[in-house]
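Residue-level structure breakdown
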Amino acid sequence: MNTTTYANPWFTAAIGLLGIIIGYALGGGLAPQFGNVQAALIEPPAKIALKPTPSQAPPPTPTPPPPPPSGNPPSEDDDAFLGDENAPVTLIEFTDYQCPFCGRFYSQTLAQIKSDYVDTGKVKIVMRDYPLGFHNNAQKASEATECAEEQQKFWEMHDKIFDNQSLIDVPSLKKYAGDLGLDQAAFDDCLDSGTYAQEVQDDMKDGQASGITGTPGFWIVGPDGKGEKLSGAQPFASFQAAFDRYLQ
């Protein structure tokens, strides 16, 4: 039996079926699908137009207005003052004689305030006490200035203490009284007996009631009795700006 002859019909049928498939594809039956895939692969995606963001300069920083008067300053009490009693502006200082920042105000700022505003009759300085509890010599130093005031030497003792701020224990305070020509016995008795201990504490309570929380603490009070606080060893310019607001 000739097997080659027997297989020819099947081979012929297979060839014919393959020809039909190829013809169908070439005739367009599969071309659209393949064409779409090809287009998707080779066509770049559409570009998205982005609007440029306009550059904006930062807004100018506004100048802050001066602080408004805060109203409730402490009284001057009967404490020592420097300058014209009727000056239109009053600077009330709460000080601690052992406080380094109070020392800085004394050495760097007070002299210019005195020359520019106190000596010209524009500002009066009132000195009040605010001895902080962790400064063990501050209470007696405040009392020493009060004892010296009995002999009209308040400001001399004030300056002497700040000029020797690192040495203000009781023996040193008594020595300074002698250096200033005070009646030594009267001064020593005043200091030892605590004559002004309560006065010093009352000053501190008044300061706390007015919002003073540390030293040096200041109130600047205008002719209308209203004022504003300054805290810390501020530069002269801060006091100048505040004074001028009330002197206009």
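Residues numbered from 1 in each chain as written. Predicted model: local features only at pLDDT ≥ 70, side-chain atom pairs only at ≥ 80, totals over all residues. Heavy atoms only, no water.

Glancing now at the overall build of the protein chain. Counting its regular elements, the protein chain contains 10 helices and 5 strands. In the protein chain, which comprises 248 residues, the share counted as buried stands at 34%. Across the protein chain, the fraction of contacts at a sequence separation of at least 24, relative to all contacts at a separation of at least 6, is 73%. Entry remark: accessible area of the protein chain is about 14800 Å², with carbon and sulfur atoms responsible for 58%. (Helix = DSSP H or I, 4+ residues; strand = E, 2+ residues; numbered from the N terminus. Buried < 20%, exposed > 50% of the residue type's maximum accessible area, 1.4 Å probe, protein only. Contact = heavy atoms within 4.5 Å. Areas by Shrake-Rupley, 256 points an atom, 1.4 Å probe, with all protein chains shown as cover.)

What follows deals with the pairing of strand E3 (residues 123-129). For E3, a buried count of 7 out of 7 residues is recorded, marking the element as mostly surrounded by other parts of the structure. As defined by bridge partners, strand E1 (residues 81-82) adjoins E3 across 2 bridges and the pair is classed as antiparallel. Across the sheet, residue phenylalanine 81 finds its bridge partner in E3, namely valine 126. (Pairing = 2+ DSSP bridges.)

Strand order in the open sheet formed by 5 strands is E1-E3-E2-E4-E5, with mixed pairing between adjacent strands. Strand pairing shows two members of the sheet lacking a second neighbour, E1 and strand E5 (227-231), which therefore form its edges. In the packing of helix H4 (residues 110-118) onto the sheet, contacts are made with E1, strand E2 (89-95) and E3, and the angle to E3 comes to roughly 140 degrees. (Axes fitted to C-alpha atoms, helices over the stretch in contact; angles between N-to-C directions.)

This paragraph deals with the packing of aromatic side chains. To describe a pair of aromatic rings, you give the distance between the ring centres and the angle between the ring planes. Throughout the structure, instances matching the rule amount to 10 aromatic pairs. Ring geometry for tyrosine 97 versus phenylalanine 162: centroids 5.1 Å apart, planes at 35 degrees, classification tilted. Separated by 65 residues along the polypeptide, tyrosine 97 in the loop between E2 and helix H3 (100-108) and phenylalanine 162 in helix H6 (residues 154-163) bring together distant segments of the chain. Accessibility assignment for this pair places tyrosine 97 and phenylalanine 162 in one class, buried. It is lysine 124 that lies over the ring of phenylalanine 81; its NZ or CZ is 5.5 Å from the centre. (Phe/Tyr/Trp six-rings, centres within 6.5 Å; stacked < 30°, edge-to-face > 60°. Lys NZ or Arg CZ within 6 Å of the ring centre and 35° of its normal.)

One finds Leu91, Ile113, Met157, Ile220, Phe239 and Phe243 to be the most contacted residues of the largest nonpolar core, which totals 41 residues. Formed by 9 residues, the second largest nonpolar core is a distinct cluster that contains Ile92, Val126, Met204 and Val221. (Core = buried A, V, L, I, M, F, W, Y, C linked by side-chain atoms within 4.5 Å.)

Moving on, we get to the state of the cysteines. Scanning the entire structure with this criterion turns up 1 disulfide. At a sulfur-sulfur separation of 2.1 Å, the disulfide partner of cysteine 147 is cysteine 190. Where cysteine 147 bonds to cysteine 190 through sulfur, the torsion about that S-S bond is close to -85 degrees, and the disulfide is left-handed. Of this pair, cysteine 147 sits in helix H5 (residues 138-149) while cysteine 190 is found in helix H8 (residues 184-193), placing the two residues 43 residues apart along the sequence. Like cysteine 147, the residue cysteine 190 is buried in the burial classification. Here cysteine 99 is not cross-linked by a disulfide; its sulfur's nearest cysteine counterpart is in cysteine 102, at 3.3 Å. (Disulfide = S-S within 2.5 Å.)

A cis amide bond links threonine 215 to the next residue, proline 216, at an omega of -10 degrees. By secondary structure assignment, the location of proline 216 is in the loop between helix H9 (197-209) and strand E4 (217-221).

We now examine the packing of H6 against helix H7 (residues 170-179). When two helices pack together, you describe them by how their axes are tilted relative to each other and by the distance separating the axes. Direction vectors running N to C along H6 and H7 enclose 130 degrees, while the axes themselves pass 10 Å from each other. Judged by the inter-axis angle, H6 sits oblique to H7. You can see that H6 and H7 cross each other, and the crossing is right-handed. The segment H6 lies against H7, with Met157, Lys160 and Ile161 engaging Leu173, Tyr176, Ala177 and Asp179. Split by residue class, the contact of H6 with H7 holds 5 nonpolar, no polar and 2 charged. (Parallel < 35°, antiparallel > 145°, perpendicular 65-115°, else oblique. Left-handed = near helix turned anticlockwise from the far one by under 90°. Nonpolar A, V, L, I, M, F, W, Y, C, P; charged D, E, K, R; others polar.)

This paragraph deals with the confidence of the model for the protein chain. With 71% of its residues at a pLDDT of 70 or more, the protein chain has an overall mean of 83. Under a pLDDT of 50 for its full length, residues 1-7 has, in the predicted model, 1 contact with residues more than four places off or in other chains. Every residue in residues 28-44 scores below 50 in pLDDT, and together they form 4 contacts with partners more than four places removed in sequence or on other chains. (pLDDT = per-residue confidence, 0-100.)

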